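Structural features, examined
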Amino acid sequence: MAAGSIELINVTKEYATGRSHKKCALDNITLTINQGEFVGLVGMNGSGKSTLARLINGLILPTAGKVFVNGIDTADRKSIIEIRRHVGMVFQNPDNQIVSPIVEEDVAFGPENLGCYADEVKERIDWALQATGMDELRHHAPYLLSGGQKQKVAIAAALSMRPDYLILDEPTSMLDPGGKYDLIENLKMLNEKYGITVMLISHHMEDVVHADRLIVLDQGQIYLEGTPREVFSSENFFSAGFKPPGIVQLVSNLRKRGHMIDENIITVQQMVEYICRL
Amino acid sequence: MPVIEVKDLSYTYCPGAPYEKKALDGVTLSVKRGEFMGIVGANGSGKSTLIQHFNGLLCPDGGKVIICGQDTSVKQRRDELWKKVGLVFQYPEQQLFEATVFEDVSYGPRNLGLGPREIRIRTEDALKKVGLEPESIADLPPICLSGGLRRRVAIAGVLAMQPEVLVLDEPTAGLDPLGRDMILNLIKKLQQEDRTTIVMVSHSLRELLTLADRIAVLENGKLVATGSPKEVLHQKDFLALPGIIMPDYLQLIHALAGRGKKVNTGISAMAEAELEIDRLLKEICGK
């Protein structure tokens, strides 16, 4: 229960799906996320990813087991406000979480509700907008922005709470490839420069190749865990129906053709450098 | 004769208002019967606006849209248009509203005024086409199905209308890899076996490069390129368009070419990239 981490201990979450039916969304999960990490979370629809995300900031409580955020139990409802300050959430569709008609007002919503003084609110907005590259659009109306820009507003609003952890539940699924690339780069920067812990949920393996750690959920259980390279090269990863990024597939096919290519290559950049060094 | 003919189409949202936005600007495009046409472009480039013209949900401000020989701006013919063109919106599963799968899928045929026998045949047929067993799924409430299954039910609801043209707006968004493959195989099968004309909007260039016969590229409401996947890839400046990013295997080929390696950048499929790198590696090692 060290401070500076998220801990899930033997967490089970069941949903009632009828009078006598229960669906087990998470099944006895134990997991630690350390501050400063960039964690990718992947899994099929219905594998429990969103349930896991919602458990971490206390939106839902486990049926059994405990969730601790910096040592605070999420079941302790008196501390829920503090937990929400530590854990920022960004959902799939930014339209569902943007509340104000002006970008900077939306970003101000959190700190204002924390009771911050005007100076501090302004300072936090300036920082959050600058960190997400939305500074120029601060006076715009969110509904006139593109999907990618709106998603960044949602992230800025979460950042203005100065969270230790940022949890993003499939934030890229509504974005075009350009917007997606931008968003991932932005998250990497927030993680590296400001030390914000990022947990990124996605169906797209390309989104999570840069993660420090990749967790694969399957039917409510942790199915695989390791560095992206370890996960992508696991036989079990394939057999569960997942596909690694194109470059990993390419390397694996070329190895089958007899080329002794470094198995550790998972990005385009690495492959280019590898071939140019030969 | 083309099934879809778009001539110099323009459309403006909120004309005259401060937020006036020209969503389509002089688009000319045609889709042949049985063809698979892919549409790509950044968020906000006009893709969804364009396809909503295909079944008359939107009418042109300027220019013409002719579907199966009918001008979509003729209001009296609108009913017929809806039978010919099936439109599958983004996240279509959000539109499921009936208590059971059968009732939802049969909603269209029931409103066509068909007899109960015909309704049953069409509904079961549509469910089978999307790979679902009518006996096991027809009586379930859609809400208890997974996201991928719900989406297939929603597509079945459109197929039950037996449209000649199927228009899909990002049909794989938000699905897991298994769900994506299932939907893509289903769409390709509809084209190949039923000769249904397909128009599909996607952000995934990779999906369209493998599936589409032709690709149309929109930018800021203008059509900036059309052609076979290879032709479009080679169009000058295509890859510099906002919102367009190559699949990673093509990024690799282009990056290698940029570093002076002799690779053919004229490819579009992953298997071709594999052959190119295979050849390159053999060349390097042979020296």
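Note that this is a predicted model, so its numbers are computed, not measured.

Residue and element names in this part refer to chain B. Each domain of chain B was delimited in the assignment, giving domain 1 (4-231) and domain 2 (246-287). Of note, the centres of domain 1 and domain 2, computed from C-alpha atoms alone, are 35 Å apart. Contact residues are listed per partner, giving four residues for domain 1 and ten residues for domain 2. With both chains or domains summed, domain 1 and domain 2 bury close to 530 Å², and 64% of this area falls on carbon and sulfur atoms. Ranking the residues of domain 1 by area buried against domain 2 places R206, L209 and K230 at the top, with a combined share of 82%. At the boundary of domain 1 with domain 2, the tally comes to one salt bridge.

M271(A), V217(B), L252(B) and I277(B) are the most contacted members of the largest nonpolar core, which totals 66 residues. The dominant element in this core, judged by the number of residues it contributes, is helix 7 (residues 147-159) of chain B, at six residues. Each of domain 1 (4-231) and domain 2 (246-287) of chain B gives at least three residues to this core. Apart from residues lying up to four places away in sequence, L252(B) is in contact with I247(A), L250(A), V268(A), M271(A), V272(A) and I277(B). L145(A), A158(A), V208(A) and V248(A) belong to the second-largest nonpolar core, a separate cluster that totals 46 residues.

All names here are of chain A. Interaxial distance between helix 5 (residues 147-159) and helix 6 (residues 177-194) falls to 11 Å at its minimum, and their mutual angle equals 20°. In terms of their interaxial angle, helix 5 and helix 6 are classed as roughly parallel. In this structure, helix 5 crosses over helix 6, and the sense of that crossing is right-handed. In this structure, helix 5 contributes Q151, K152, I155 and L159 to the contact, and helix 6 contributes D182, L183, L187 and L190. The residue inventory of the contact of helix 5 with helix 6, partitioned by class, reads five nonpolar, one polar and two charged.

Turning our attention to the interface of chain A and chain B. Facing 41 residues of chain A, the contacting portion of chain B comprises 34 residues. Together chain A and chain B conceal approximately 3400 Å² of surface at their shared face, both sides included; 63% is due to carbon and sulfur atoms. If you sort the residues of chain A by the area they bury against chain B, D176(A), L250(A) and I275(A) come out on top, with a joint share of 16%. Run the count over chain A and chain B and you get four salt bridges. R257(A) is the salt-bridge partner of E274(B), the closest N and O atoms lying 2.7 Å from each other. Where chain A touches chain B, the interface holds eleven residue pairs in polar contact (both at pLDDT 80 or more). Of all the secondary structure elements, the ones that give two or more residues to the side of chain A that touches chain B are helix 5, helix 6, helix 9 (246-256) and helix 10 (268-277) of chain A. Here the side of chain A that touches chain B is composed, by residue class, of 20 nonpolar, 15 polar and six charged.

Parameters and conventions
Residues numbered from 1 in each chain as written. Chains lettered and ligands numbered in written order. Predicted model: local features only at pLDDT ≥ 70, side-chain atom pairs only at ≥ 80, totals over all residues. Heavy atoms only, no water. Domains from an automatic or database assignment. Contact = heavy atoms within 4.5 Å. Buried area = accessible area lost by both parts, 1.4 Å probe. Salt bridge = Lys/Arg side-chain N within 4 Å of Asp/Glu carboxyl O. Core = buried A, V, L, I, M, F, W, Y, C linked by side-chain atoms within 4.5 Å. Buried < 20%, exposed > 50% of the residue type's maximum accessible area, 1.4 Å probe, protein only. Helix = DSSP H or I, 4+ residues; strand = E, 2+ residues; numbered from the N terminus. Axes fitted to C-alpha atoms, helices over the stretch in contact; angles between N-to-C directions. Parallel < 35°, antiparallel > 145°, perpendicular 65-115°, else oblique. Left-handed = near helix turned anticlockwise from the far one by under 90°. Nonpolar A, V, L, I, M, F, W, Y, C, P; charged D, E, K, R; others polar. Polar contact = N/O pair within 3.5 Å; in protein donor to acceptor, adjacent residues only side chain to side chain.

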